[in-house]
Structure formats: structure tokens, C-alpha cells
Amino acid sequence: MAQWRKGVKERAVGKVISDLTISADGYSAGLNQSEKRPFGDDGGDGWGDRLHAWMFETAEENQAEIPRPEEYGAFIMGRNMFGPVRGEWDREWKGWWGDNPPYHTPVFVLTHYPRDPQPMDGGTTFHFVTDGIESAFRQAREAAGDGNVSIHGGATTINEYLAAGLIDELRLHIVPLTLGSGTRLFDGVPPLNLEQTESRAASTVTHVTYRVLTAR
């Protein structure tokens with residue numbers, strides 16, 4: 001179980017989990033991400049068509065593997081995952097998910113630019129954290145109580161938390177295609193010891209769960 005850092009608390013209660021779809025060469029998004037193509041170039045028509053097709057084309061086959069927001073008491077995500085706005089918050093943007101996002105719990109968004117919390121329908125409130133990943137972690141852990149915390153993405157944010165030793169479990173959905181470039185899981189992360197706890201192959205994706213042990 002992931003330890004808290006700097007003496008805030010010795011150990012967290014619930015798990016800290018990252019659940020991510022990646023290509024066979026480890027990319028969670030291709031190049032040229034944009035508002036119309038938030039997952040960049042993956043060979044589809046947009047919105048991560050090829051990377052995330054497994055969630056829709058074979059829903060019954062993969063039903064147990066589809067991420068469930070209700071499993072978590074709080075979420076952490078990077079600003080790029082929240083939306084395409086860069087720099088100052090000079091455009092009204094409330095996320096990709098409409099007025100009732102699927103989280104229904106606090107979401108902590110990493111950013112360099114202050115912004116007031118954004119309450120949404122259904123119990124989701126986006127909180128914008130400007131003082132780093134550990135501050136976001138402490139706030140999410142407090143908000144989640146005994147529940148799990150999701151380091152929700154994208155891969156750059158997950159890599160930061162892996163490097164800091166703050167993730168307990170990786171749930172990866174590996175799609176049989178290669179992107180060759182883009183945003184890649186494990187970039188900049190020191191070598192890790194991972195224990196494979198589950199693995200299941202489906203027709204269009206392989207689901208693998210790793211417990212994160214220690215840095216080598």
C-alpha cells in the first residue's frame with residue numbers, strides 16, 4: 001500500500017489505483033492531441049477510437065474490466081485530461097463530460113493556474129491544485145476517507161505519481177496496435193518491481209493488473 005510522504009501519515013487506508021488503456025508500445029495517446037482529437041492520432045476518426053474501441057465493441061466480453069468511478073472516493077487528473085485550455089483560464093471550460101460528469105465525488109486537477117472550485121451536477125466538484133502532486137494527493141486522500149483514490153491520468157500524471165512511489169496498483173488494458181510516438185506510460189519513471197496479480201486476454205485487448213512493489 002502506498003505510503004504518504006513527508007510525515008503526513010505513515011500509510012493510506014484505501015488503495016491508490018491507476019486504470020489506463022495503452023497501445024502495445026505503451027502509449028496512452030498519440031501525437032497532435034486537440035479538442036476534436038483528445039487522444040491524438042491513433043488511426044481512428046477521433047476520441048481515441050482505436051485505443052478505446054474495446055469498451056464498446058466487445059462490451060459484454062470486457063464488462064468486468066471497464067473502469068467504474070463508483071469504486072473511488074476521489075480522483076486526481078492532469079490539466080490535459082481535464083481539457084484543452086492552456087495557460088490562464090481565459091475560456092469557460094467545465095471538462096469533457098457535460099454537466100453531470102461520471103465521477104460523483106471530488107476530482108483534483110493539477111494545474112499551474114489558480115481557479116475556483118467547479119461544482120457540477122451529480123456530486124462531482126473539480127478542485128484545481130497549483131502546489132504540486134503531493135498536495136493533490138493529500139487532499140484526495142482526505143476526501144476519499146477509507147476509499148480508494150484514482151490517479152486517473154493521463155500517462156504523464158500517472159508517471160509522476162509512479163516516480164514518487166504513490167501508486168499501489170496499475171490496471172492496464174493493452175490494445176494490439178502500436179502508435180510509435182505520443183504520451184507514453186513509464187517515461188521518466190525509475191525502474192519498478194511489479195507483481196502481476198491478474199491477466200485476461202480478450203479478442204481486442206489484454207487486461208493486466210500489477211501491484212506496484214518498490215523501486216528497484
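The model shown is predicted, which means the values in this text are computed figures rather than measured ones.

(A) Here's a closer look at the overall build of the protein. Helix and strand counts for the protein stand at 4 helices and 11 strands. Taking all 216 residues of the protein together, the buried fraction comes to 49%. Surface summary for the protein: the accessible area is close to 10800 Å², and the carbon and sulfur share equals 48%.

(B) Quick look at the nonpolar core. Residues Ile-76, Ile-151, Ile-158, Tyr-161, Leu-162 and Ile-167 are the most contacted members of the largest nonpolar core, which totals 30 residues. For this core, the secondary-structure elements that each account for two or more residues are strand E1 (16-23), strand E3 (72-78), strand E4 (106-110), helix H3 (133-144), strand E7 (148-153), helix H4 (155-163), strand E8 (169-175) and strand E11 (206-215). Sorting elements by how many residues they give to this core places H3 first, with 5 residues. Excluding anything up to four places from it in sequence, Ile-151 contacts Val-16, Ile-17, Ser-18, Ile-76, Thr-157, Ile-158, Tyr-161 and Ile-167. In this structure, Ile-17, Phe-75, Val-85 and Phe-126 belong to the second largest nonpolar core, which totals 14 residues.

(C) Seen up close, the packing of aromatic side chains. The final tally for this structure, using the stated rule, is 12 aromatic pairs. Where Trp-93 meets Trp-96, the ring centres are 5.0 Å apart and the plane angle is 85°; that geometry is what we call edge-to-face. Joined through ring pairs, the aromatic side chains of Tyr-72, Phe-75, Phe-82, Trp-89, Trp-97, Tyr-103, Phe-126 and Phe-128 make up one cluster. Its end group placed over the ring of Trp-89, Arg-115 keeps NZ or CZ at 4.7 Å from the ring centre.

(D) Region of interest: unusual backbone geometry. The linkage connecting Gly-153 with the following residue, Gly-154, adopts the cis geometry, with an omega of -5°. Within the fold, Gly-154 resides in the loop between E7 and H4. The backbone of His-104 sits at a positive phi, close to 60°, despite the residue not being glycine. Within the secondary structure, His-104 sits in the loop between helix H2 (79-82) and E4. Look at Phe-186: it is not a glycine, yet its phi comes out positive at around 80°. Mapped onto the fold, Phe-186 is located in the loop between strand E9 (183-184) and strand E10 (192-201).

(E) Representation of H3 within the structure. The end-to-end C-alpha distance of H3 is 16 Å, a good match for the 16 Å that 12 residues give at a rise of 1.5 Å each. Taken as a whole, H3 has its buried residues at Ile-133, Glu-134, Ser-135, Ala-136, Phe-137, Ala-140, Arg-141 and Ala-144. Contacts made by the buried residues of H3 are with E1, E3, E4, strand E6 (125-129), E7 and H4. Taken from the residues just after H3, Gly-145 is the one with a positive phi, measuring 60°.

Calculation criteria
- Residues numbered from 1 in each chain as written.
- Predicted model: local features only at pLDDT ≥ 70, side-chain atom pairs only at ≥ 80, totals over all residues.
- Heavy atoms only, no water.
- Helix = DSSP H or I, 4+ residues; strand = E, 2+ residues; numbered from the N terminus.
- Buried < 20%, exposed > 50% of the residue type's maximum accessible area, 1.4 Å probe, protein only.
- Areas by Shrake-Rupley, 256 points an atom, 1.4 Å probe, with all protein chains shown as cover.
- Core = buried A, V, L, I, M, F, W, Y, C linked by side-chain atoms within 4.5 Å.
- Contact = heavy atoms within 4.5 Å.
- Phe/Tyr/Trp six-rings, centres within 6.5 Å; stacked < 30°, edge-to-face > 60°.
- Lys NZ or Arg CZ within 6 Å of the ring centre and 35° of its normal.
- Expected span 1.5 Å × (residues − 1).

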